[in-house]
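Analysis of the macromolecular model
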Amino acid sequence: MQMLKCKATYTSTVGARTETLSRRVRGNVSVLAVCRNSTKELKTHYRASPCSLPGGFTPPNRDSCVARAAAAEAQSPQGQTGLPFIGETLDILNDPIGYFDQRTKQYGKVFRTRFAGEDCVAVADTKLIQELLNSEHKTVIFEINPSIDKLAESPMFASNERRERNVQKEHKLDRAFLKDFFSPAAIASYYPYMQSSLRKRMASWAEQPEVLVVEATKAFAFDVMNTQLAGIRFTEEQLREMDVLWKDFTNGAMDLLGIDLPWTDFGKGVRAAERLEEIILAALRESYGDKMDTRDFGERNIATGFLMQKNEDGSWKHSLENVASIMKALLFAGHETTAGAMLAMMHFITRNPEVLTALREEQAELVERHGTEITPEILEGTYTEATTVEVMRLQNIDKTTRSPGLLFRRAISDFELGGYSIKKGTKIMLAQVYSTYSVEKFLPTVEQFQPERWLVPGKSAVATSKSVGVSAFGGGPRVCAGEALAWAELKVFLSMLVRNLDWEILNPDAEWRKSQGSINRTPVDGMATRFVKRAEAIN
Ligand code: HEM
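First things first, this report covers the structure right here in the doc. (Residues numbered from 1 in each chain as written. Predicted model: local features only at pLDDT ≥ 70, side-chain atom pairs only at ≥ 80, totals over all residues. Heavy atoms only, no water.)

Within the protein one finds 17 helices and 17 strands. Looking at the protein residue by residue over its 539 residues, the buried ones come to 53%. Sequence separation of at least 24 residues holds for 70% of the intrachain contacts in the protein that already meet a minimum separation of 6. Of the roughly 24,400 Å² of accessible surface on the protein, 51% is carried by carbon and sulfur atoms. (Helix = DSSP H or I, 4+ residues; strand = E, 2+ residues; numbered from the N terminus. Buried < 20%, exposed > 50% of the residue type's maximum accessible area, 1.4 Å probe, protein only. Contact = heavy atoms within 4.5 Å. Areas by Shrake-Rupley, 256 points an atom, 1.4 Å probe, with all protein chains shown as cover.)

Their axes nearest at 10 Å, the elements helix α11 (residues 320–351) and helix α17 (residues 483–500) cross at an angle of 35 degrees. Pair α11 / α17 crosses with right-handed handedness. Contacts between α11 and α17 involve T338, A341, M342, M345, M346 and I349 from the former and A486, E489, L490, F493, L494 and L497 from the latter. Along the lines of polarity and charge, the residues of the contact of α11 with α17 split into 10 nonpolar, one polar and one charged. (Axes fitted to C-alpha atoms, helices over the stretch in contact; angles between N-to-C directions. Left-handed = near helix turned anticlockwise from the far one by under 90°. Nonpolar A, V, L, I, M, F, W, Y, C, P; charged D, E, K, R; others polar.)

The subject of this paragraph is the sheet that holds strand β6 (residues 110–115). Taking strand neighbours across the sheet as the criterion, the five strands line up as β6-β7-β13-β10-β8 in an open arrangement whose pairing is mixed. Because the sheet does not close on itself, it has two edges, and the strands there are β6 and β8 (140–143). Strand after strand, the sheet turns through a mean of 35 degrees between neighbouring axes, direction not considered. Sheet topology note: the strand β10 (residues 406–411)/strand β13 (residues 427–431) ladder contains five bridges and is antiparallel. Residue L406 lies in a different strand from β13, and its bridge partner there is A431. (Pairing = 2+ DSSP bridges.)

Inspection of the coordination sphere of the iron atom of the ligand shows a single protein donor, C480 (SG), at 2.3 Å. Here C480 is to be found in the loop between α16 (461–467) and α17. (Donors = N, O, S within 2.8 Å, 3.2 Å for Na, K, Ca; no water.)

Turning to the sheet that holds strand β14 (residues 501–505), a few remarks are in order. With respect to topology, three strands assemble into an open sheet ordered β9-β17-β14, the strand pairing being antiparallel. Bordering the open sheet on either side are β9 (211–212) and β14, each of which pairs with just one other strand.

A contiguous nonpolar surface patch, about 820 Å² in accessible area, is contributed by L83, F85, I86, L90, L257, I259, L261 and W263. Along the chain, the position of F85 falls in the loop between β5 (71–73) and α1 (89–94). (Patch = residues over 30% accessible without salt bridge, like charges linked within 9 Å, V, L, I, M, F, W, Y side chains within 5 Å. Salt bridge = Lys/Arg side-chain N within 4 Å of Asp/Glu carboxyl O.)

Here we take up the environment of E373. Tracing the backbone through its elements, the reader meets E373 in the loop between α12 (353–370) and α13 (376–379). Once the C-alpha coordinates of E373 and N539 are considered, the two residues, 166 residues apart in sequence, prove to be 8.7 Å apart. Beyond its immediate chain neighbours, meaning those up to four positions away, E373 contacts Q195, R199 and I378.

The subject of this paragraph is the packing of helix α8 (residues 236–254) against α11. Their axes nearest at 12 Å, the elements α8 and α11 cross at an angle of 90 degrees. Looking at the two axes, α8 sits roughly perpendicular to α11. Packed against α8, whose contacting residues are W246, F249, T250 and A253, the element α11 presents K328, L331, F332, H335 and E336 at the interface. Tallied by class, the residues present in the contact of α8 with α11 amount to five nonpolar, two polar and two charged. (Parallel < 35°, antiparallel > 145°, perpendicular 65-115°, else oblique.)

Structure below.
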């Protein structure tokens, strides 16, 4: 218990007034400023210490006003923790929407649960999720599942045990450095390669009796990430070996138990991570090993960029081994996720032929107006872009394609969130999937595939989705570093697909499962598809 004293200055239409308010409080408090002649209450939340109220509160349309402050203890989130150890993990993973729907009705949008062996607080409200994402290093810190943390082992994803180190500063520097590779100009410069790569790939798909789209899209996304940004020159043999290793790596990263034994997914993931790092290191050595003294590489990509970074004392910051580890994390983050979205795209479009027709009409028009070259400008605000956004919205919600869509943070101080007290050290689950599901204006059609909902004249569909709080890419300082690249790949992929190919998904009712080697659910048959070049293919 402590005595809270607040000096509150409010400006009303009759002038400024200052009051000293005192109240006995424990932990966090809510301070209410109330205009006496109005029913309207303006509420702000403060931590008890240090306590201050902002000046400059203008009450609504009243001549006289008295400020009153009341401090109330924020309440602890209510909830249930389910089974011993695993808690409610299975309910959450099996049916995230149903689970959050039920619990939020029972306990509100901030409640207690137990996930993957640890008690945590779940947050299922769009505004509060945004508040948490923006509070990185103020009240919370990035947290990912410890298995990913251990396998990725990079400051890019640093959390958990490595939280004690000066991760914030390192992370800020890394993000600032990466910005150059994801700027609008940089992204625009990747379009020609993406288009020409898809031209070749799609021509070859049309010549095969069937294509496993799960593999084909991963190969495309990996190639773009690596050739355009990372700058590591792998041999065909290395690429083939890595193909298998990424699957083990991903299974290990998704293994919540994290027990390192030769037969567990996590154990296999550890071995795969080590071997991946060896291969990346060998490829880096081959390209840059002989220039490590001067570090005059004569080319700029993410790998050379990291190698050229210096410490404050002028010494080189990263060894080749270090950079191999960073690149492993980046390559992992950059290909599997985007490829998963391409699968969902094919799934939804195949089931909604009227969307395919509209896309084809638009693409034909775009080609007539601008020629066959795809640029970011010609796709902005189009039905094609709106379709991409709708895929990203529905992918996490749809019963077939959905994944749990959870992000995690850890409280680094006691704080108050939406009237609830969160204690230092608490693991916080951000149910982004549920907040996407519960956008009120979409509720009647929330499970339908409707690209039109993102068509706002003169506005990019991506920007519109952000303005209603829908994003599959997180937010705040830890927002997905590759978001702009992912949007670009998805838009170019969609344009090239509908322009050039007809297709038949051979087992349209194949079950989608959180299958081996994948972060997302994927069709169990790898989405075996027969592609045919369209008679009116427009490239
Ligand atoms: C559809 C594709 C993608 C989706 C849905 C996705 C989703 C996400 C999400 C939700 C986060 C934030 C996690 C959190 O806040 O807890 C994240 C982080 C990250 N993503 Fe992506 N991502 C995608 C593609 C990419 C690509 C293409 C790259 C390329 C490099 C990438 C690199 C990263 C990195 C480096 C982080 C960590 C950022 C940081 O901690 O500062 N992602 N991604």
